[in-house]
Amino acid sequence: MQGHSILWSLQENWRRFYKMKKEENFETATINTWCPGCGNFGILAALKEALKELSRKHGKENIVMVGGIGCHAKILDYVNVNSFYGLHGRTLPVMTGIKLANPKLQVIGFAGDGDAYAEGIGHLIHAAKRNTDVTAIVHNNGVFALTTGQATPTAAFGFVDKSTPQGNLENPINPVKLMLAAGATFVARAYAGDIEFLKEIILKAVAHKGFSFIDVLQPCVSFNNTFALYNKKVYRMKGKLSFDEAMKKADETEKIPIGIFYEHHKDSYEEVAFEKRNLLKS
Amino acid sequence: MKEEFSVLVGGKAGQGIKWAAETLGKFFTYSGLEVFVYHDYESVIRGGHNFSIVRISKEKVYAHLNKIDVIVAFDINTVKLHEKKLAKEGKIICDVSLKHEAEKLTKKKIIALPLNKFGKSANAAGIAACLLIRGFDTYELLKIIKDKRISENIVAVNEIEQILGKKETINSKHKLKINKKREFLNGSETIAEGLIAAGLQRYFAYPMTPSSIVLHYLAKQQKRFGLAIQPENEIAVANLALGSAYAGCKTAVGTSGGGFDLMHEALSLSGMAEIPFVVVMAQRAGPSTGVPTYSSQSDLMSVINAGHGEFPRFIVAPATIEDAFYWSSRAMNIAWQFQIPSIILVDKMITESDQSVELDRKKTKNMKFNIAFPGSISKAVKVSSNEHDEQGFTTENPEIIKKMQEKRMKKRENLIKFLHQEKRVRFLGELNSKNIVFCWSSTLGALVEAKKMTSKKFEIVAPIILEPFPKGEIRKAVSNAKKIICIEANATGQLASLLKQKLCIDPIKILKYDARPFDPLELARKLEEVL
């Protein structure tokens, strides 16, 4: 009898250990369908590393991922964490809604450059203006990939693709400058090819109280392969920048700086909303 | 007092017309009488022409009449536009400066008083005069005028009383006892109260007439329920609401036709991800911007068909301001019980008209539902706009797609069964009559009033729940009918086309699409022609 029960408890412990081990990798049964070598793999790897620390700190059940529509959003199917797979361009309002409903949740949103800078650019600016305490990670590859290659707002002038075979007629926007101007309290740029640094930035962004924004340079191996370019040009920034320095730094193109451009502290929207409500005359 | 009478208050935007009408409404409601107040205003902030009609009666009233006993005119335009509506013995109250011009326009009795002397309190002076000439005591009025200009208002009321005391013979004054237990509310307020009663925690809305008053009211009531927030646009509103409901808060949004159009994609997401989504959809005259501050019933097909793909939804069109309270609370609970979108379809006649009401709070409940939220269980809670399996992971597998589509559509059948306990259709008038008159939403008010004015016998059938459509009850009601009429404030007969689609009924249509509500007198005349 006793032998059985020891064996059972060993088995149970092993099962628990095994389960924990599996959970720790946040794996799901979904088959990954990103193109081999896609920049998104770097973001997924950095996220999983960051999630290990975040779940220890906040509890895995208190982390929520939100995504838009596009290659980036498949990340939700590949990570076994609470998730809201929403509409194209509407990641930010869903994130704000979740945070306003339950401020205890740590909300990390994922959007493509088409999502964040085309379809839903208004929401991005308003989330920054509001200083909602959420983290927005933009997979910026300069191209609509899942729809097989059209220019996005970050596509370079002259970029040739299916929708602009004569070359892109528009100049790209600078997401870092845009977010600085919109009043985001945490503005960073990262590179999918520098996983360790991306993980660090994600952790700092989530720890930041208020709206945090990370523009992740993400090569698209099929429609806009920028790996070689970024590997040559990207460098890690050191030290803190003032707002004006950050604006200037964001313009650099000879070399591409990655890291935190700007961070400052301000009460988050949720804090203010609940506080103001309590001041109402009843 | 006589059985009933009506007062029209008119003037320019900015002269406090609405305040004057509402104060009269409160006065009579708290005095134990029944009141209905209709507000007609243009899309301007200052100037233009605004008027409100206050109908006071001993019996419950559901609509205003265009037969007026007293006009309180704050400009000459009011006399010009409305003197025809005055009854034989009707009187016009106006400022002394308007007397000469008014006399040229009408032969009706004019009571000229120095109203403008009181500046911004001219409206208080005007309604005091109105009460006095109808033989009411103004003492109780002072209790209701709680306002920034309270002292100026009191001076105005007292001076008017002195003047009229000399000039007019006040018969035995009606002594009225103020009882604030009776409520004087507009439909926006009853909807908001219904949502709160069902456990509302978050309300999101972008301003749009005639739904904005729900936002204004809830913004003031935040301490009682949670947060009321105005995001950047209606697309944000809908997606915030879905995020909020996913995270466990009972949430609602409010809008009108154009804003609702922007929410269609999120409505479809609510259907796919099975997230409760409650929409207060207050119709106004369209298409497009249309006539922003006027009423219409032209969005029934829009809400029934909104959103791509196929998914079950609940649509209720409360017919009265009082009903809006009960049905808003039901709509919230149904959205959560079935995890579906739930639309409260109203119009300007409901959201912006006032009525004396008694809300039956015992009928509403803040129900708890066993739904998993992020943070509430250790397992990951995944929702998706993609077709997904039971765990929420994206799928393109035809068997799972079929199974999930059937799972969602099954909720419609369950909803139909569940709704059997509700009064899905209102039957009024001569039940089992050979003549059946259909109507929906606020038109019921005008029809009930019209019925009192005609000797024609007919049964009123007003479907309250429009999706899932209560086919069985309606089929039974029309089984012996010889003549079927459908009354709607739109140009195509949208309920009529639903009746045709669902039950092969082809009613005679009485339609009105001048952005004004049905006038009971006019409606009675039309019914007599047709019946």
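What counts as what
- Residues numbered from 1 in each chain as written.
- Chains lettered and ligands numbered in written order.
- Predicted model: local features only at pLDDT ≥ 70, side-chain atom pairs only at ≥ 80, totals over all residues.
- Heavy atoms only, no water.
- 1 Å grid on protein atoms, 1.4 Å probe; cavity = no way out; pocket = protein on both sides within 12 Å on 5 of 7 lines; lining within 4 Å.
- Points joined across faces, edges and corners; volume = space filled by probe spheres on them.
- Nonpolar A, V, L, I, M, F, W, Y, C, P; charged D, E, K, R; others polar.
- Domains from an automatic or database assignment.
- Contact = heavy atoms within 4.5 Å.
- Buried area = accessible area lost by both parts, 1.4 Å probe.
- Salt bridge = Lys/Arg side-chain N within 4 Å of Asp/Glu carboxyl O.
- Polar contact = N/O pair within 3.5 Å; in protein donor to acceptor, adjacent residues only side chain to side chain.
- Helix = DSSP H or I, 4+ residues; strand = E, 2+ residues; numbered from the N terminus.
- Core = buried A, V, L, I, M, F, W, Y, C linked by side-chain atoms within 4.5 Å.
- Buried < 20%, exposed > 50% of the residue type's maximum accessible area, 1.4 Å probe, protein only.
- Expected span 1.5 Å × (residues − 1).
- Pairing = 2+ DSSP bridges.
- Axes fitted to C-alpha atoms, helices over the stretch in contact; angles between N-to-C directions.

Thoughts on the layout of surface pockets
So, point 1. When its volume is computed, the largest pocket comes out at roughly 1600 Å³.
So, point 2. Lining the largest pocket we find 48 residues, and of these Lys18(B), Trp19(B), Glu22(B), His216(B) and Lys220(B) sit closest to its centre.
So, point 3. Classifying every residue of the lining of the largest pocket gives 14 nonpolar, 15 polar and 19 charged.
So, point 4. Of the residues that make up the lining of the largest pocket, three or more belong to each of domain 1 (4-167) and domain 2 (185-420) of chain B.
So, point 5. Taken as a whole, the second largest pocket encloses approximately 600 Å³ of empty space.
So, point 6. Contributing to the lining of the second largest pocket are 25 residues, with Thr154(A), Leu217(A), Tyr230(A), Thr253(A) and Ile256(A) lying nearest its centre.

Some details on the domain arrangement of chain B
How big an interface is tends to be stated in terms of accessible area lost as the parts join.
Residues and elements named next belong to chain B.
So, point 1. The domain boundaries assigned to chain B delineate domain 1 (4-167), domain 2 (185-420) and domain 3 (425-530).
So, point 2. Computed from C-alpha coordinates alone, the two centres of domain 2 and domain 3 are separated by 27 Å.
So, point 3. Between domain 2 and domain 3, the contact holds 31 residues from the first and 23 residues from the second.
So, point 4. In total, about 2300 Å² of surface goes out of reach between domain 2 and domain 3, with carbon and sulfur atoms giving 61% of it.
So, point 5. Counting across the interface, domain 2 meets domain 3 through two salt bridges.
So, point 6. The interface formed by domain 2 and domain 3 contains 15 residue pairs in polar contact (both at pLDDT 80 or more).
So, point 7. Counting residues per element, the ones that place at least two in the side of domain 2 that touches domain 3 are helix 13 (300-305), strand 12 (314-316), helix 14 (321-338), strand 13 (341-347), helix 15 (348-351) and helix 16 (398-418).
So, point 8. Residue composition of the side of domain 2 that touches domain 3, by class: 20 nonpolar, six polar and five charged.

Some thoughts on the nonpolar core
So, point 1. Counting residues in each nonpolar core, the largest one holds 174 residues, and the members touching the most others are Phe211(A) and Tyr203(B).
So, point 2. If you tally residues by element for this core, the top one is helix 14 of chain B, at ten residues.
So, point 3. With residues near it in sequence (within four places) discarded, Tyr203(B) still touches Leu195(B), Val214(B), Leu215(B), Leu218(B), Phe225(B), Leu227(B), Ala228(B), Ile229(B), Ala252(B), Val253(B) and Gly254(B).
So, point 4. Residues Leu24(B), Ala124(B), Ile144(B) and Ile145(B) belong to the second largest nonpolar core, which totals 42 residues.

A few points about the pattern of salt bridges
Residues and elements named next belong to chain B.
So, point 1. Counted by the stated rule, this structure contains 38 salt bridges over all chains.
So, point 2. Of the charged contacts in the structure, one is a salt bridge between Asp75 and Lys12, with a shortest N-O distance of 3.8 Å. Of this pair, Asp75 sits in the loop between strand 4 (68-73) and helix 2 (76-82) while Lys12 sits in strand 1 (residues 4-13), placing them 63 residues apart in sequence.
So, point 3. Residues joined in a network through salt bridges with shared partners are Glu34, Lys60, Arg182, Glu322 and Glu358.

Some thoughts on helix 14 of chain B
So, point 1. An ideal rise of 1.5 Å per residue puts 26 Å on 18 residues; helix 14 of chain B measures up with 26 Å between its terminal C-alpha atoms.
So, point 2. Burial runs high along helix 14 of chain B: 15 of the 18 residues are buried.

Details of the side chain of Ser356(B)
Residues and elements named next belong to chain B.
So, point 1. With respect to the secondary-structure elements, Ser356 resides in strand 14 (residues 354-357).
So, point 2. In this structure the side chain of Ser356 is engaged in a polar contact, spanning 2.7 Å, whose partner is the backbone nitrogen of Val35.
So, point 3. Among residues more than four places away in sequence, those in contact with Ser356 are Thr29, Leu33, Glu34, Val35, Lys60, Arg182, Glu183, Phe184 and Glu322.

Side note on the sheet that holds strand 7 (residues 183-186) of chain B
Residue and element names in this part refer to chain B.
So, point 1. If you trace the eight strands from one edge of the open sheet to the other, you get 6-5-4-1-3-2-14-7, paired in mixed fashion. Two strands bound the open sheet, and with one partner strand each, they are strand 6 (109-113) and strand 7. Strand-to-strand twist of the sheet, defined as the mean angle between neighbouring strand axes without regard to direction, takes the value 20°.

Topic: the environment of Lys80(B)
Residues and elements named next belong to chain B.
So, point 1. Examined against the element boundaries, Lys80 turns out to sit in helix 2.
So, point 2. Of the residues examined, Lys80 reaches a relative accessible area of 47% and is grouped as partly exposed.
So, point 3. For the pair Lys80 and Ser188, spaced 108 residues apart in sequence, the C-alpha separation works out to 32 Å.

A closer look at the interface of chain B and chain A
So, point 1. Residue-level contacts link 41 residues of chain B with 39 residues of chain A.
So, point 2. For the chain B and chain A pair, buried surface summed over both sides reaches about 3100 Å², with 60% attributable to carbon and sulfur atoms.
So, point 3. Here chain B is connected to chain A by one salt bridge.
So, point 4. Salt-bridge contacts for Glu232(B) lead to Arg130(A); the nearest nitrogen and oxygen are separated by 2.3 Å.
So, point 5. Inspection of the region where chain B meets chain A yields 20 residue pairs in polar contact (both at pLDDT 80 or more).
So, point 6. The leading source of residues in the side of chain B that touches chain A is helix 10 (residues 234-246) of chain B, at eight residues.
So, point 7. Grouping the constituent residues of the side of chain B that touches chain A by class yields 21 nonpolar, 13 polar and seven charged.
So, point 8. One ladder, built from three bridges, connects strand 2 (residues 82-85) of chain A with strand 15 (residues 382-384) of chain B; its direction is parallel. If you follow Ser83(A) over to strand 15 of chain B, its bridge partner there is Lys382(B).

Some remarks on the sheet that holds strand 2 of chain A
So, point 1. Across the sheet, nine strands lie side by side as 9(A)-10(A)-7(A)-8(A)-4(A)-3(A)-1(A)-2(A)-15(B); this open sheet has mixed pairing. Looking at strand neighbours, the two that pair on one side only are strand 9 (234-236) of chain A together with strand 15 of chain B, the edges of this open sheet. Neighbour to neighbour, the strand axes of the sheet diverge by 20° on average, direction disregarded.
So, point 2. Summarising the sheet, strand 9 of chain A and strand 10 (residues 256-263) of chain A pair through three bridges and their orientation is parallel. Within the sheet, the bridge partner assigned to Val234(A) lies in strand 10 of chain A and is Ile256(A).
So, point 3. Contacting strand 1 (63-67), strand 3 (106-112), strand 4 (135-140) and strand 8 (212-217) of chain A, helix 2 (residues 40-58) of chain A runs over the sheet at an angle of about 155° to strand 1 of chain A.
So, point 4. Contacting strand 4, strand 7 (186-191), strand 8 and strand 10 of chain A, helix 7 (residues 175-182) of chain A crosses the sheet at an angle of about 170° to strand 7 of chain A.

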